[in-house]
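One letter stands for each residue in the lines below.
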Amino acid sequence: MSNQTNNKKFKIDEQSILDLKVDQSKFISFIRSSDEKTLVSLLSRLGRLNSSNQNLVPHLIELLRHRSVSVRVAAAHNLGKFGDDSLLPALAPFVMPDQSTDVRREIVSAIGRMRSLLAVELLTDVLQDEDPKVILQAIRGLLVFKKNPEVMQVLRPLTTHPNEEIKRILLPMFDVTNRNNTEVRKDVAPASFMTNVVVKGDVLQTLKEVPDEEVHLTFTSPPYYNARDYSIYRSYGEYLEFLKEVFEGVHRVTREGRFLIVNTSPVIVARFSRSHASRRYPIPFDIHAFMASIGWEYIDDIIWLKPEASVKNRNAGFLQHRKPLGYKPNTVTEMLMVYRKKTDRLIDWNMKQYDESTIEQSLIPDGFETSNVWKIDPKFNKIHSAVFPVELCEKVISYYSFKGDLVFDPFAGSGTLGKAALGLGRVFFLTEMNEQYFDLMRTSLSVENKLFDNSAYKPARFVGIDEFKRLRLGNAEG
Ligand SMILES: C[S@@+](CC[C@H](N)C(=O)[O-])C[C@H]1O[C@@H](n2cnc3c(N)ncnc32)[C@H](O)[C@@H]1O
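Since we're looking at a predicted model, the values are computed, not measured. Sequence order sets the numbering: in each chain, residues are counted from 1 along the sequence as written. Given that this is a predicted model, residues contribute local features only at a pLDDT of at least 70 and side-chain atom pairs are listed and counted only at 80 or more, while totals for whole chains, interfaces and linings are drawn from all residues.

Digging into the overall build of the protein chain
Each helix corresponds to a stretch of at least 4 residues labelled H or I by DSSP, and each strand to a stretch of at least 2 residues labelled E; elements are numbered beginning at the N terminus. Summing up its helical and strand segments, the protein chain has 22 helices and 11 strands in all. Considering the protein chain as a whole, with its 478 residues, one finds that 31% of them fall into the buried category. Two residues form a contact once the distance between their C-beta atoms, set from the backbone, is within 7 Å. Pairs at least 24 apart in sequence give 70% of the contacts found in the protein chain among residues at least 6 apart. Around each residue's C-beta, the other C-beta atoms within 10 Å are counted; 20 or more make the residue buried, 12 or fewer make it exposed, and counts in between make it partly exposed. All C-beta atoms are placed from the backbone.

Side note on the site of the ligand
Using a C-beta atom placed from the backbone, a residue is described as near a molecule or strand when that atom lies within 6 Å of it. Around the ligand sit 19 residues in total, of which Val 203, Phe 411, Gly 413, Ser 414 and Thr 416 are the nearest. Nonpolar residues are Ala, Val, Leu, Ile, Met, Phe, Trp, Tyr, Cys and Pro. Charged residues are Asp, Glu, Lys and Arg, and all others, Gly as well, are polar. For the shell around the ligand, a count of residues per class yields nine nonpolar, eight polar and two charged.

Digging into the nonpolar core
The biggest cluster of nonpolar side chains holds 59 residues, and the ones touching the most others in it are Val 198, Ile 261, Val 407 and Leu 417. Ranked by residues supplied to this core, first place goes to helix α14 (residues 236-253) with six residues. Of all hydrophobic cores here, the second largest spans 37 residues; its members include Phe 30, Leu 43, Val 73 and Leu 79. The term nonpolar core refers to a set of buried Ala, Val, Leu, Ile, Met, Phe, Trp, Tyr and Cys residues connected through C-beta atoms within 7 Å.

Notes on the confidence of the model for the protein chain
For the protein chain, per-residue confidence averages 89 on the pLDDT scale, and 91% of positions sit at 70 or higher. Overall, residues 1-9 carries pLDDT values under 50, and its contacts beyond four positions in sequence, including any with other chains, amount to 10 contacts. One confidence number per residue, pLDDT, is output by the predictor and ranges from 0 to 100.

Description of the domain arrangement of the protein chain
An automatic or database domain assignment supplies the start and end points of every domain. As assigned here, the protein chain comprises domain 1 (48-174) and domain 2 (192-477). Summarising the inter-unit geometry, the C-alpha centres of domain 1 and domain 2 are found 46 Å apart.

Regarding the pairing of strand β1 (residues 197-200)
Residues Val 197 and Val 199 of β1 are buried on one face, and the alternating residues Val 198 and Lys 200, pointing to the opposite face, are buried as well. As paired elements, β1 and strand β10 (residues 427-432) share four bridges and run parallel to each other. When the sheet's bridge partners are listed, Val 198 is paired in β10 with Leu 430. Here, strands pair whenever DSSP counts at least two bridges between them.

Some details on helix α8 (residues 101-112)
Compared with the 16 Å implied by 1.5 Å per residue over 12 residues, the 16 Å span of α8 between its first and last C-alpha is a close match. In terms of residue burial, α8 counts as a mostly covered element, since nine of its 12 residues are buried. Restricting attention to buried positions, one finds in α8 the residues Val 103, Arg 104, Arg 105, Glu 106, Ile 107, Val 108, Ala 110, Ile 111 and Gly 112. The secondary structure elements touched by the buried residues of α8 are α6 (69-81), α7 (88-95), α9 (120-126) and α10 (132-142). One less than the residue count of a helix, multiplied by 1.5 Å, gives the span that helix is expected to have.

With respect to the sheet that holds strand β9 (residues 406-409)
Spatial strand order, β8-β6-β7-β3-β2-β9-β10-β1-β11: nine strands in an open sheet with mixed pairing. Both edges of this open sheet fall to β8 (373-375) and β11 (461-464), since each of them pairs with a single strand only. Looking at each pair of strands side by side, their axes are set apart by 20 degrees on average, direction ignored. Bridge count for strand β2 (residues 215-220) against strand β3 (residues 254-264) is five bridges, and the pairing is parallel. In the sheet register, Thr 220 faces β3, and the bridge partner there is Val 262. To get an axis, a line is fitted to the C-alpha atoms, and for a helix only the part in contact is used. The angle between two axes follows their N-to-C directions and goes from 0 to 180 degrees. Where helix α15 (residues 283-294) meets the sheet, its contacts fall on β3, β6 (296-305) and β7 (333-341), and the angle it forms with β6 comes to roughly 160 degrees. Relative to the sheet, helix α20 (residues 416-423) contacts β2, β9 and β10, its axis offset from that of β10 by approximately 175 degrees.

This is the structure we're talking about:
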């Protein structure tokens, strides 16, 4: 009789599974007569297993020799459910020789679940595995004994392992300055001399006056190299160096574990003459290249998608000639690169710094963006040529900050971020060096500030760098 015929006869409903779990001979005949898919299906539905199902153990061990990786993985997973260290001698011979990483990892997981000191030697051997995923599984099993100095001695050499994930897990455990995740920074409220302040001047100068770790969230759109007239740099390299310095400063002033979102897109700088090609600069990618070295951890990339009618048409030429290599798509996207100030603390630690009522008031209602493509119409402004749509700022602020937080835009332009912050019960800190845009903010933000007036808010203050220094000094003296 073929396997298929047999499988048709045997329906795997809940009752059949219960029967198989207690009746050894039924289990054996099912294994013998089933194809791989049916076998995996049964093994994934066995549910809880304990000492009353010991009769299955030899057959599950036997399945670790099955030619199918999926069957071997499923069998190892079920053996792990017993959490029984008497299975150690039977499982041990299967760990190292298996060609499949998934199987080795699952067997190591089963051994780890025994939570037995008897398994330490075998788990220690597994630390030599070539696959970091298997090593991580062994580390997980060994860390059950993290209070045991001998086990920790075994793990210490792995702090220099080339794999970043292994180092990320182990380094903090051997760091004498390691802080635990329950410690809470008490002063979650922003310093009053920074709230609702717009500073006119070069961002690098202003940043020097900002104390460490004051900002909760930064959302910014830096100048687009030399594609717009408000930003002239001698070279692209110089431009990137400037941005690197800015994001170093932003890193210093950002609170631990909080976010920076950078909005950019590649730009084209017009060609020199008809006999030259125009040049496209991949700004988001070049910025990304140095962010990790500053201490910004990459979290997400969000695409801001605009309607095609709103962007410059680049395919007019191609429309005529249709020749390969001359193809140029219209660029309807900008990128929002999401970074977090690198820390060993979990996001939970950041959340726990807020009281229940602030968390409740900051909850994000239905209708939030569920994917990383956000369709938002661009906004045009008569005075400023590249403003954020308020909707974009509102989304970023509500997803990445709590009520009362200080949000910062080092390249504030028309101050859209500030307006959105006020509307959402946050406070802002903005810097802008262009006098005309600074004046534009003076008008719009003063109005908006009245609009959203609330006794807890300070009225917006528009200051030069020297005045800002005095504000800070006053704060220190007060
Ligand atoms: C892309 S625009 C930002 C527009 C802004 N997101 C808005 O909604 O209006 C970049 C801004 O950075 C400003 N900027 C350029 N270099 C600067 C610097 N070194 N310090 C401060 N602001 C600067 C420019 O004047 C420009 O307004």
